[in-house]
Amino acid sequence: MKNIDLYSHVRGESIYIDDMPLVAGTLHIVILYSSIANGIILNIDDKDAKSIDGVHSIIYARDIPGVNQIGNIFPDEPLLANNEVHFIGNAIGLILAESPEIGIHARSCVKIEYEEKPAVFDPREAYEKDFLIQPPRTFENGDVDTIWDSCDLVIEDTVEIGGQEHLYLETQASYAIPQEAGKLLVHSSTQSPTLVQKIVARVLGLSMNFVEIDVKRMGGAFGGKEDQANAYACMAALGSYLSNKPAKIVLSRHDDMHLTGKRHPYSVDYKIGMTNNGKILGYDVTFYQDAGASADLSTAIIERTLFHAANAYYIPNLRALGISARTNFHPHTAFRGFGAPQAVFTIESAIHKLAGKSQFTYSQLQEINLMKDGDETHYGQIMENSTISTLWNKLDDKFSIRQKEIEIEEYNKTNSRYKKGVAAFPLCFGISFTKIMLNQAGALIHVYQDGSVAISTGGTEMGQGLQTRMVQVAATLFSISYEKIKIEATNTTRVANTSPSAASATADLNGKALENAANKIIKRLKTKAGLILNQPEDQIIIKNGIVGVMDSNGELDRDHKTLEWDELIIQSYLSRIDLSAHGFYQTPGIHFDSNIEKGHPFAYYSFGTCQTEVTLDTLRGTFIVDTVNVVHDVGKLMNRELDLGQLEGGIVQGLGWTLMEELKYLDDGRLASNTFSAYKIPDISFTPEMNIDMYEHDDNPMGIFRSKAIGEPPLFYGISALFALKNAISAFNPSNDSTYRLPLTPERALMDLYRSDNS
Ligand code: LUZ
Ligand code: MOS
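Source: prediction; values computed, not measured.

### Thoughts on the site of ligand 1
So, point 1. Within the structure, ligand 1 sits among Glu-226, Arg-304, Phe-338, Phe-433, Thr-434, Leu-438, Ala-502, Ala-503 and Glu-712.
So, point 2. Take Glu-226: an N or O atom from its side chain is 2.7 Å from an oxygen atom of ligand 1.
So, point 3. The backbone of Ala-503 places a nitrogen or oxygen atom 3.3 Å from a nitrogen atom of ligand 1.
So, point 4. Its residues placed into classes, the shell around ligand 1 shows five nonpolar, one polar and three charged.

### A short note on the sheet that holds strand E4 (residues 84-85)
So, point 1. Reading across from one edge, E4-E2-E6 is the order of the three strands in this open sheet, with antiparallel pairing throughout. Each edge of the open sheet carries a strand with a single partner, namely E4 and strand E6 (111-116).
So, point 2. Bridging between strand E2 (residues 39-45) and E6 involves six bridges; their strand directions are antiparallel. If you follow Asn-43 over to E6, its bridge partner there is Glu-113.

### Quick notes on the sheet that holds strand E29 (residues 689-696)
So, point 1. Reading across from one edge, E16-E27-E28-E29 is the order of the four strands in this open sheet, with mixed pairing throughout. Looking at which strands have only one partner, the edges of the open sheet turn out to be strand E16 (418-431) and E29. In this sheet, adjacent strand axes meet at a mean angle of 15° when their direction is disregarded.
So, point 2. For strand E27 (residues 604-617) and strand E28 (residues 623-635), the ladder comprises nine bridges, and the chain directions are antiparallel. Within E28, the residue paired with Gln-611 across the bridge is Asn-629.

### So, the packing of helix H12 (residues 388-399) against helix H13 (residues 401-414)
So, point 1. Contact geometry for H12 and H13: axes closest at 7 Å, N-to-C directions at 45°. Here H12 lies oblique to H13, going by the angle between them. Within the contact between the two elements, H12 uses Trp-392, Leu-395, Asp-396 and Phe-399 and H13 uses Ile-401, Arg-402 and Lys-404.
So, point 2. Considered class by class, the residues forming the contact of H12 with H13 number four nonpolar, no polar and three charged.

### Structural notes on the environment of Ser-294
So, point 1. When you line up the elements, Ser-294 lands in the loop between strand E14 (280-292) and helix H9 (298-307).
So, point 2. Expressed as a C-alpha distance, the spacing of Ser-294 and Ile-692, which sit 398 residues apart in the sequence, is 40 Å.
So, point 3. The contact partners of Ser-294, leaving out residues within four places of it in the chain, are Asp-76, Glu-77, Ile-133, Arg-326 and Pro-331.
So, point 4. Only 3.5 Å separates the side chain of Ser-294 from the side chain of Glu-77, close enough to count as a polar contact.

### As for the packing of aromatic side chains
So, point 1. Scanning the model with the defined rule gives 20 aromatic pairs in all.
So, point 2. Between Phe-307 and Phe-602, the aromatic rings sit 5.3 Å apart at their centres with planes inclined by 70°, giving edge-to-face as the arrangement. Pair noted here: Phe-307 is in helix H9 and Phe-602 is in the loop between strand E26 (598-600) and E27, with a separation of 295 residues, a long-range link.
So, point 3. The exposure class assigned to Phe-307 is buried, which follows from its relative accessible area of 3%.

### Considerations on the domain arrangement of the protein
So, point 1. Its domain assignment divides the protein into domain 1 (6-118 + 166-259), domain 2 (125-163 + 264-379), domain 3 (385-432 + 602-759) and domain 4 (441-586).
So, point 2. Computed over C-alpha atoms, the centres of domain 1 and domain 3 are 37 Å apart.
So, point 3. Carbon and sulfur atoms supply 70% of the area that domain 1 and domain 3 bury against each other, a total of about 830 Å² over both sides.
So, point 4. A per-residue breakdown of the area domain 1 buries against domain 3 is headed by Leu-167, Met-257 and His-258, which together make up 55% of the total.
So, point 5. Our enumeration of links across domain 1 and domain 3 arrives at zero salt bridges.
So, point 6. Its residues placed into classes, the side of domain 1 that touches domain 3 shows five nonpolar, three polar and one charged.

### Some remarks on the nonpolar core
So, point 1. Of all hydrophobic cores here, the largest spans 101 residues; its most connected members are Ile-272, Tyr-283, Phe-287 and Leu-659.
So, point 2. Looking at this core, the element that brings in the most residues is helix H10 (residues 340-356), giving nine residues.
So, point 3. Composition of this core by domain shows at least three residues from each of domain 2 (125-163 + 264-379) and domain 3 (385-432 + 602-759).
So, point 4. In this structure, Ala-474, Ala-503, Leu-514 and Leu-579 belong to the second largest nonpolar core, which totals 44 residues.

Rules used in this analysis
- Residues numbered from 1 in each chain as written.
- Chains lettered and ligands numbered in written order.
- Predicted model: local features only at pLDDT ≥ 70, side-chain atom pairs only at ≥ 80, totals over all residues.
- Heavy atoms only, no water.
- Near = heavy atom within 4 Å.
- Polar contact = N/O pair within 3.5 Å; in protein donor to acceptor, adjacent residues only side chain to side chain.
- Nonpolar A, V, L, I, M, F, W, Y, C, P; charged D, E, K, R; others polar.
- Pairing = 2+ DSSP bridges.
- Helix = DSSP H or I, 4+ residues; strand = E, 2+ residues; numbered from the N terminus.
- Axes fitted to C-alpha atoms, helices over the stretch in contact; angles between N-to-C directions.
- Parallel < 35°, antiparallel > 145°, perpendicular 65-115°, else oblique.
- Contact = heavy atoms within 4.5 Å.
- Phe/Tyr/Trp six-rings, centres within 6.5 Å; stacked < 30°, edge-to-face > 60°.
- Buried < 20%, exposed > 50% of the residue type's maximum accessible area, 1.4 Å probe, protein only.
- Domains from an automatic or database assignment.
- Buried area = accessible area lost by both parts, 1.4 Å probe.
- Salt bridge = Lys/Arg side-chain N within 4 Å of Asp/Glu carboxyl O.
- Core = buried A, V, L, I, M, F, W, Y, C linked by side-chain atoms within 4.5 Å.

So this is what it looks like as structure tokens:
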């Protein structure tokens, strides 16, 4: 099935918030924000700004009718500053103007005086000063402290990991429109409609049933709109509520880059030990997470870091400590992978470093330590249905892991200007929200009298194709044509209590809720059809829009009387049968006890392997990623085009994180890489050849139609490129012993090519 948005996307006809026709009287919001990283506001002089023609008003914290608090997990984030500011970009006031241009001009006329305070930009320093979001957490198994004596090789090192800007094509946006009797309709570019509803209601002092959130689609999100869309929806809602006019906010790219948090930078210490036969026995790792100025989702993200400390390996003695430290940066947030990429990069760095000090290659150590069914993870979940060894073997069969390394060694012997590098990589990623409570979803189906169908779920469309998949689910279950089904915008009045569209779990959760709703309607329809066809209802079958009786093979009996779908629907309607149903799903079997940090948090795991080859120009430090070869477990393939879209997009986004995208801040904490020219993301000419092999099987009942989650896992493949590049650098400069640091940009590669020590 093709993406249902294909034609409107290509023709530029798809509607995003900034494309919506303006309601008369709409005011435009421009945010007044802090230009210092930490301090107290002494005075705001906005007289000149207010006197500008077309400026309606300027709103501050004191004008908020409800609670000035947008923090969800922790209440530590005011919507608008109460005297204090904690990062550059901290919102102070909202300028309501007749056009965005007038608002921007007015902003330049406001003078703010501050008393500056020292700021902290380093999570280790924040930890020393006890600036913590929550007490550190430890996940542990075995006995790490005593295992080192049993190891033949023990190393310790530090890893530095950079953040990543989401760069969704559509910036943060919201449009609030007053309704009658005090109700408010808020269009929001959010992954989390219910969270936005809850926080808007809190800020305005309304109950949730006075706030309707509507999400047609987002122009990309990548985690950046899981929590951070809240603020902008609240701003539009507040502007609208106080002015009693429609109010709209669409961030400029520049404001979006300054105000919104990124993927979390981490600084990590580890110790790892193995035996002479390559078995890793112990791993002790401490993650210092740079959370930024408020909690946002940082605690959930560090939790996922701890879960993924061992990636796809079995390590019998492991201790992972997670420190979420408060700094004076924009609050960092969810980003595809949600803390797991930092964990996976760290364990891969440790294994790569071990390989360099032993007689094994990196890929040999990876293979020796792969997890097997029956292994217990450090958080207590027993591995089952693992395909990781199968995938590794398939990668080897198809792309010859060791042989490729030997070919590249040969190439490097005879080439000096260009050096090549290759690295293989296994991935294990847990599927489910780590907060058990979030693993629920609802759906709503209406079948209309003419046989057409409207479906709604709590999932949101961000370009990933969720809506297409949901139509496919309904069409398959009813066995009618896709054209008969229309999917509605996600709206809190149709489906309530939605979980964020996140954690790669959206199609599973909402698809299964939809399945639950569809089955209720199908059951009623079969009862009616049984009466019409004069057969027991369990003998009725609906197949490709035809309703009839099953033959001995369970197929439609062509010799028996049949009727069309549309005819069954109208007959059911005339018999006063309910043609609507609500469906619900909660993931069964998952649990976690955070007192002992053990449980079974994941419904299943996503597995995959890849092999990446790079070519490095040793004169310039520039490189190309030649190929990324992938063998990925997709379960029972449901939609090849959509899965391929996620695989290719994820790989390229992962490569951007590891090799190109570098966030640069000035000494005062100001983001310097605040434009597309200063912050480089992969473009089409950077995109490597990708050979993607989808490994298909039938063994995943926890996925929708036995498929497997595909949203986040492919991003991790970008990690292998960094090790391939490191190998290419070492082929030229064997004495290079530089820090494991991400991203490894051309600039850094050049320095590593000509460095002579660990400087
Ligand atoms: N969001 C969330 C996520 O709230 N919980 C999670 O476990 C998660 N995992 C991945 C991505 N987003
Ligand atoms: Mo996400 S990082 O699945 O919003």
